[in-house]
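Now for the letters of each chain:
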Amino acid sequence: MYRLAGFVAGAYLVVFGIVGFAQTAGDSFTGYTGDRVIGQGSNLLWSILSLVIGALVLLGAVVGRNVDVEVDKYLGWALLVIGSYSMATIRTDANFLGFSMATVVVTYLVGLLLITIGLYSKVAPQSKAGAPRQVREGRTA
């Protein structure tokens, strides 16, 4: 279930990146351009970054074997850092990713989703899996 949620988050980032790349292809690479992609502010740089991050999340979800856990955790935290930086610089010239407040909110939500998925989807190999807690404590039910 968690790998599926990670796959959906990665697919959203890929779709956002592709649509954003198509809409902002003729604009400047960085800076606020005023372009709206799926209701969010974007520019060519953020579209490319979203595409790359989404592709990495999709790749991690497909590979599995706890690779997805590490990918989701690190990229989730990276999205939170990017969102925080962009929120701090949203009305300045330092807003080189072209974020609007809607983009910050969506970036936070996707980042938190990826972190949560990374925390709950780790699986132990069968050789390392211990007995259930009830058996370890001597209870039968």
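Please read all numbers here as calculations on a predicted model, not as lab measurements.

Novice: Tell me about the packing of aromatic side chains, and name the residues and values.
Specialist: A full pass over the atoms with the stated rule returns four aromatic pairs. Aromatic pair Tyr-85 and Phe-96: ring centres 5.6 Å apart, planes at 50 degrees, arrangement tilted. Remark: Phe-96 occurs in the loop between helix 3 (67-88) and helix 4 (101-120) and Tyr-85 occurs in helix 3; sequence separation between them is 11 residues. Residue Tyr-85 is classed as partly exposed on the basis of its relative accessible area of 36%. Owing to a relative accessible area of 35%, Phe-96 belongs among the partly exposed residues under this scheme.

Novice: I'd like a rundown of helix 4, residues and numbers included.
Specialist: Along its 20 residues, helix 4 runs 29 Å from first to last C-alpha, staying within 8% of the 28 Å computed at 1.5 Å per residue. The complete set of buried residues in helix 4 reads Thr-103, Val-104, Thr-107, Val-110, Gly-111, Leu-114, Ile-115, Ile-117 and Gly-118. Buried residues of helix 4, seen end-on, are gathered within an arc of 160 degrees and therefore sit on one face of the element. Facing away from the buried side of helix 4, by more than 90 degrees, are the exposed residues Leu-109, Leu-119 and Tyr-120. In this fold, the buried residues of helix 4 make contact with helix 1 (2-24), strand 2 (40-41), helix 2 (44-63) and helix 3.

Novice: Give me the pattern of salt bridges: which residues, what numbers.
Specialist: Proximity of charged atoms lets side chains of opposite charge pair with each other. If you walk through the whole model with that rule in mind, you get two salt bridges. Of the charged contacts in the structure, one is a salt bridge between Asp-68 and Arg-3, with a shortest N-O distance of 4.0 Å. Here Asp-68 is found in helix 3, whereas its partner Arg-3 is found in helix 1, with 65 residues between them in sequence. Assessed through its relative accessible area of 4%, Asp-68 is described here as buried. Across the pair Lys-73 and Glu-70 runs a salt bridge, and its minimum N-O distance is 3.7 Å. With Lys-73 and Glu-70 both in helix 3 and three residues apart, the pair spans about one turn of that helix. Judged by its relative accessible area of 25%, Lys-73 is partly exposed. What makes Glu-70 partly exposed here is its relative accessible area of 30%.

Thresholds applied
Residues numbered from 1 in each chain as written. Predicted model: local features only at pLDDT ≥ 70, side-chain atom pairs only at ≥ 80, totals over all residues. Heavy atoms only, no water. Phe/Tyr/Trp six-rings, centres within 6.5 Å; stacked < 30°, edge-to-face > 60°. Helix = DSSP H or I, 4+ residues; strand = E, 2+ residues; numbered from the N terminus. Buried < 20%, exposed > 50% of the residue type's maximum accessible area, 1.4 Å probe, protein only. Expected span 1.5 Å × (residues − 1). Arc of directions from axis to C-beta. Contact = heavy atoms within 4.5 Å. Salt bridge = Lys/Arg side-chain N within 4 Å of Asp/Glu carboxyl O.

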